[in-house]
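Tertiary structure, described
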Amino acid sequence: MAGRVQGKVALVTGGSSGIGRACAERLAQEGAIVVLTDLQDEKGQALAAEIEANGGKAQYRHQDVTSEQEWIDTVAAIKADHGRLDILVNNAGIGISGSVLDMALSDFQRQVAINLDGVFLGVKHSIPLMRASGEGGSIINMSSVAGLKGSAILAGYCATKGGVRLFTKAVAMECGNAKDGIRVNSVHPGIIETPIWDDIIGTGEAGDNARPPRAQVLDAMSAEAVPLGGKGYPLDIANGVLWLASEESRYVTGAELVIDGGLSVK
Ligand code: NAP
């Protein structure tokens, strides 16, 4: 039986870790040819090899999403290798926490460069190749619950994720006007267990004696805050991304897919 994204070519940024990793695995399981990019080369190469060993199709490429030249090179390589691009998951991101009074301008700008400029560059340089097939495509931009409501310790992060939310809707309208068949949506994860939290709340991997264990801290945090109870996992987000990538969501554009166990409705 054909997979849900059989034969589609997908680019996933930040694909070596956490949510991006799960997206790469899930899209490959459903038949996509996945190009995953990241700064973490060893992990990315190992993941691509693992996907291939499991019968999927994947390749890893080093890519810093803040570099316009690396976007141009990445899209050119996809065109040369595969001739088309059907799915773009703009997932790479970082989180820098703390009071806005203490935040260095350089940290604010670094977060904007990765979380917002990176999404802009991805959209700008991918749409021409998506359009060239004449078959449309799906762009999925990773926002956050922090793009829907404020957080006292995440002002800079909220600024970037709120930006991704409305940038997504504007590009959805632009593609709609062009009648190019490209759908553009944002995904808003809640508390998902990934390494991003280590920088935000100072946790670490299990067994790291210097820092409190990430899994338990997130358990405690989400037990109270999340109506469904408990944190989410990268696969919870990847399943939503897969739906947005597939033809099952063919009539969905400019939408916000919130996957947060109800966190944002409180
Ligand atoms: P993660 O495990 O830290 O994965 C993010 C990946 O992106 C890492 O491999 C990271 O590399 C990479 N990256 C960072 N800067 C990059 C750059 N300039 N160019 C290319 N890759 C870069 O975090 P995650 O939780 O999976 O986050 C994925 C996305 O989900 C992010 O956009 C995040 O804001 C969003 N999100 C996450 C949660 C959550 O609870 N986990 C909630 C809401 C939204 P390094 O490790 O070297 O930085």
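Residues numbered from 1 in each chain as written. Predicted model: local features only at pLDDT ≥ 70, side-chain atom pairs only at ≥ 80, totals over all residues. Heavy atoms only, no water.

1. Some words on the overall build of the chain
Regarding its fold elements, the chain presents eight helices and seven strands. Its C-alpha atoms give the chain a radius of gyration of 18 Å, near enough to 18 Å, the size a compact globule of 266 residues would have. For the chain, the spread of C-alpha atoms along the three principal axes comes to 50 × 40 × 35 Å. Looking at the 266 residues of the chain, the share that counts as buried comes to 49%. Looking at the chain alone, contacts between residues at least 24 apart form 68% of all its contacts between residues at least 6 apart. Here the chain displays about 12,000 Å² of accessible surface, and carbon together with sulfur accounts for 54% of that area. (Helix = DSSP H or I, 4+ residues; strand = E, 2+ residues; numbered from the N terminus. Rg over C-alpha atoms; globule rule 2.2 N^0.38 Å. Buried < 20%, exposed > 50% of the residue type's maximum accessible area, 1.4 Å probe, protein only. Contact = heavy atoms within 4.5 Å. Areas by Shrake-Rupley, 256 points an atom, 1.4 Å probe, with all protein chains shown as cover.)

2. Examining the site of the ligand
For the ligand, the set of nearby residues contains 28 residues, the closest of which are Ser17, Ile19, Gln40, Tyr157 and Thr194. At 2.9 Å from an oxygen atom of the ligand is found a side-chain nitrogen or oxygen belonging to Lys161. One of the side-chain nitrogen or oxygen atoms of Trp197 is found 2.9 Å away from an oxygen atom of the ligand. Relative to its unbound accessible surface of 880 Å², the ligand loses 90% to contact with the protein. (Near = heavy atom within 4 Å. Polar contact = N/O pair within 3.5 Å; in protein donor to acceptor, adjacent residues only side chain to side chain.)

3. Thoughts on the packing of helix 3 (residues 68-82) against helix 4 (residues 105-132)
At a minimum axis separation of 10 Å, helix 3 and helix 4 run at an interaxial angle of 30 degrees. Here helix 4 runs roughly parallel to helix 3, going by the angle between their axes. In the crossing of helix 3 with helix 4, the sense of the turn from one axis to the other is right-handed. Of the residues in helix 4, those touching helix 3 at Glu68, Trp71, Ile72, Val75, Ile78 and Lys79 are Gly118, Leu121, Gly122, Lys124, His125, Ser126 and Leu129. Broken down by class, the residue content of the contact of helix 3 with helix 4 amounts to six nonpolar, four polar and three charged. (Axes fitted to C-alpha atoms, helices over the stretch in contact; angles between N-to-C directions. Parallel < 35°, antiparallel > 145°, perpendicular 65-115°, else oblique. Left-handed = near helix turned anticlockwise from the far one by under 90°. Nonpolar A, V, L, I, M, F, W, Y, C, P; charged D, E, K, R; others polar.)

4. Observations concerning the UniProt feature "domain: Ketoreductase" (unreviewed entry) in the chain
Listed under "domain: Ketoreductase" (unreviewed entry) in the UniProt record, and renumbered for this structure, are residues 8-181. Helix makes up 53% of residues 8-181 and strand 16%, and the two end C-alpha atoms of the span are 15 Å apart. (UniProt positions renumbered as here; feature names shortened; annotations may be inferred.)

5. Let's talk about the packing of aromatic side chains
Counted by the stated rule, this structure contains one aromatic pair. Centroid distance Phe120 to Phe167: 6.4 Å. Interplanar angle 65 degrees. Geometry classified as edge-to-face. Residue Phe120 is located in helix 4, and its partner Phe167 is located in helix 5 (residues 155-178); the two are separated by 47 residues in the primary sequence. The class of Phe120 is partly exposed, set by a relative accessible area of 40%. On the accessibility criterion, Phe167 (23% relative accessible area) is partly exposed. (Phe/Tyr/Trp six-rings, centres within 6.5 Å; stacked < 30°, edge-to-face > 60°.)

6. Observations concerning the pattern of salt bridges
Taken as a whole and assessed by the stated rule, the structure comprises 15 salt bridges. One salt bridge in this structure joins Arg21 and Glu50, with 3.4 Å as the shortest N-O distance. Within this pair, whereas Arg21 is found in helix 1 (residues 18-29), its partner Glu50 is found in helix 2 (residues 41-53), the two being separated by 29 residues in sequence. With relative accessibility at 24%, the residue Arg21 sits in the partly exposed group. The exposure class assigned to Glu50 is partly exposed, which follows from its relative accessible area of 38%. A salt bridge links Arg26 to Glu30; its shortest N-O distance comes to 3.4 Å. Taken together, the shared-partner salt bridges connect Arg21, Glu25 and Glu50 into one network. (Salt bridge = Lys/Arg side-chain N within 4 Å of Asp/Glu carboxyl O.)

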